[in-house]
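Next come the chains, spelled out residue by residue.
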Amino acid sequence: MELGWTLKAETWGHGYATEAARACLDWGFVTLDEPYFISLIRPGNTASVRVAERLGFASLRQDELFGNPVTVYSMDKPTSL
């Protein structure tokens, strides 16, 4: 299951991506009963990497999406859920 975030530039830096993604993760792990989530982030997108890391994602591997390089980040379901 993939989790992603896209926001307008004027909303960057306010914590909205982290807050919304956290709510989606919490809901997804409980409601969808997924064992893990991934996020695909383009190289150089340091803001999205910071969001992923704040959420607890870790870099898993390099891959391609539609011919473009991405880093696959992954987060396992917390044991407390």
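What counts, and where the lines are drawn
Residues numbered from 1 in each chain as written. Predicted model: local features only at pLDDT ≥ 70, side-chain atom pairs only at ≥ 80, totals over all residues. Heavy atoms only, no water. Pairing = 2+ DSSP bridges. Helix = DSSP H or I, 4+ residues; strand = E, 2+ residues; numbered from the N terminus. Buried < 20%, exposed > 50% of the residue type's maximum accessible area, 1.4 Å probe, protein only. Arc of directions from axis to C-beta.

With that settled, consider the pairing of strand β2 (residues 58-65). Two strands pair when backbone bridges link them, and β2 and strand β3 (residues 68-76) are joined in this way by seven bridges, in the antiparallel orientation. Its bridge partner being in β3, Ser59 is matched across the sheet by Tyr73. If you look at the hairpin formed by β2 and β3, you'll find two residues sitting between the two strands, and Phe66 has a positive phi there, around 55°.

Another point: helix α2 (residues 46-55). Listed in full, the buried residues belonging to α2 are Ser48, Val49, Val51, Ala52 and Leu55. Projected down its long axis, α2 shows its buried positions confined to an angular sector of 160°, all on one face. With its phi angle positive at about 105°, Gly56 sits one or two positions after the end of α2.

Note that all results are geometric; they support no functional claim without further evidence.
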